[in-house]
Amino acid sequence: MTDAQDLRRRTAELLAAHPPATTDRLEFLRARFDAGLAWVHFPAGLGGLDAPRSLQAVVDAELAAAGAPDNDPGRIGIGLGMAAPTVLRFGTDEQKQRFLRPLWTGEEVWCQLFSEPGAGSDLAALATRAVRDDEGGWVVDGQKVWTSSAHLARWAILIARTDPGVPKHRGISYFICDMTDPGVEVRPLRQITGEAEFNEVFLTGVRIPDAHRLGAVGEGWKVAQTTLMNERVAIGGSRIPREGGMIGVAAADWRARPALRTHDLHQRLLKLWVDAEVARLTGERLRQQLTKGQPGPEGSGMKLAFARLAQEISGWEVEFLAEDGLTYDDWTMRRPDGVDFTGREAGYRYLRAKGNSIEGGTSEVLLNIVAERVLGLPPEPRTDKDVAWKDLPR
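Before going into details, it helps to say that this report is about the structure given with it. This is a predicted model, so every value here is computed, not measured.

1. Concerning the overall build of the protein
- Counting its regular elements, the protein contains 11 helices and eight strands.
- Its C-alpha radius of gyration of 22 Å places the protein within 12% of the 21 Å reference for a compact globule of 394 residues.
- For the C-alpha atoms alone, the extent of the protein along its principal axes is close to 70 × 55 × 45 Å.
- Within the protein, the proportion of its 394 residues that are buried is 51%.
- Considering only residue pairs separated by 6 or more positions, the protein has 71% of its internal contacts joining residues 24 or more positions apart.

This is how it looks when you write it as structure tokens:
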């Protein structure tokens, strides 16, 4: 049984064999993965040691103290938080060996081809089609939207309809799509921030080998649930210190500008601080639950809280800073590598936070999930539940 002492020993051996000060960054990350210190709860040979998930913090602390490089998790968050756990659970041995190592080291960036113009909140209504070809593979045609990092990605997790003659949740299959293949076109979507962090992706005659299918044909919705539950934990359950994240920025503004303080703003800030701390502690409890299995619907509650807090805190900050809160440094059209909620000015945070209640599942959909799967309330009537997708009005 791997324990904290054993992990410290293994980490020390890694650092001795590959000193961070003199070792190429990618070489070090590959060596860390091969030593089982990438994600210790993964199986041996796949970047882990079959150790408890909670012990990852031991490895991370030792490496941080030694000045070791990380794998830039902000840039490869979709791969780490969504693709990796799905490949681990549903992938073949060959798929796990092929994809997990370059995913973790950041050599290959991933994106998510789920939402569509006509199937955002109702994801199971997606219309992108995957049809068998003469060689046993698949030909995919359709359009996806709101795709973060598509302009950087080598691979995508993709769901497509393979049987339109059955109800919408049962006719979907799950694939790994090569974003460099012919027929994949990525177009930027400029947002309210002025940037094009998102994209729309057009798929025209894209050929995907059957070896890049995850799970059984027609069971893509089941596979996608693993991705979505992990996505919501990744968005809403990231580990931050006390008074970290956006509430930390707001509190720093308050302390630095006493002339702008009012009683009303003080009371609102205190409430937001408490709410943020409750959300942080709830996230810690959720991560403890994750050590015993796959994420459940509770992650949807965390993502709900994150979206609400981000919007309320950024709104408070803009109001507190008065005219300074309206400034915005750069409206230049850019395609950034990621999102920075704490390193930019208040105007950026206020605008970007508007998307938090849409991305990763709208707040309205997540409220339904919490109501039905956490609280056990009766589900809403669904008249399309047993209707073949091809017969649904569109």
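That was the structure; now back to the text.
2. Regarding the environment of Arg9
- With respect to the helices and strands, Arg9 occurs in helix H1 (residues 4-17).
- With relative accessibility at 40%, the residue Arg9 sits in the partly exposed group.
- Placed 50 residues apart in sequence, Arg9 and Val59 show a C-alpha to C-alpha distance of 9.8 Å.

3. A closer look at the environment of Ala31
- Relative to the assigned elements, Ala31 resides in helix H2 (residues 25-34).
- By relative accessible area, Ala31 is classed as buried at 14%.
- Expressed as a C-alpha distance, the spacing of Ala31 and Glu372, which sit 341 residues apart in the sequence, is 44 Å.
- Beyond its immediate sequence surroundings of up to four residues, Ala31 is in contact with Leu14 and His18.

What counts, and at which threshold
- Residues numbered from 1 in each chain as written.
- Predicted model: local features only at pLDDT ≥ 70, side-chain atom pairs only at ≥ 80, totals over all residues.
- Heavy atoms only, no water.
- Helix = DSSP H or I, 4+ residues; strand = E, 2+ residues; numbered from the N terminus.
- Rg over C-alpha atoms; globule rule 2.2 N^0.38 Å.
- Buried < 20%, exposed > 50% of the residue type's maximum accessible area, 1.4 Å probe, protein only.
- Contact = heavy atoms within 4.5 Å.

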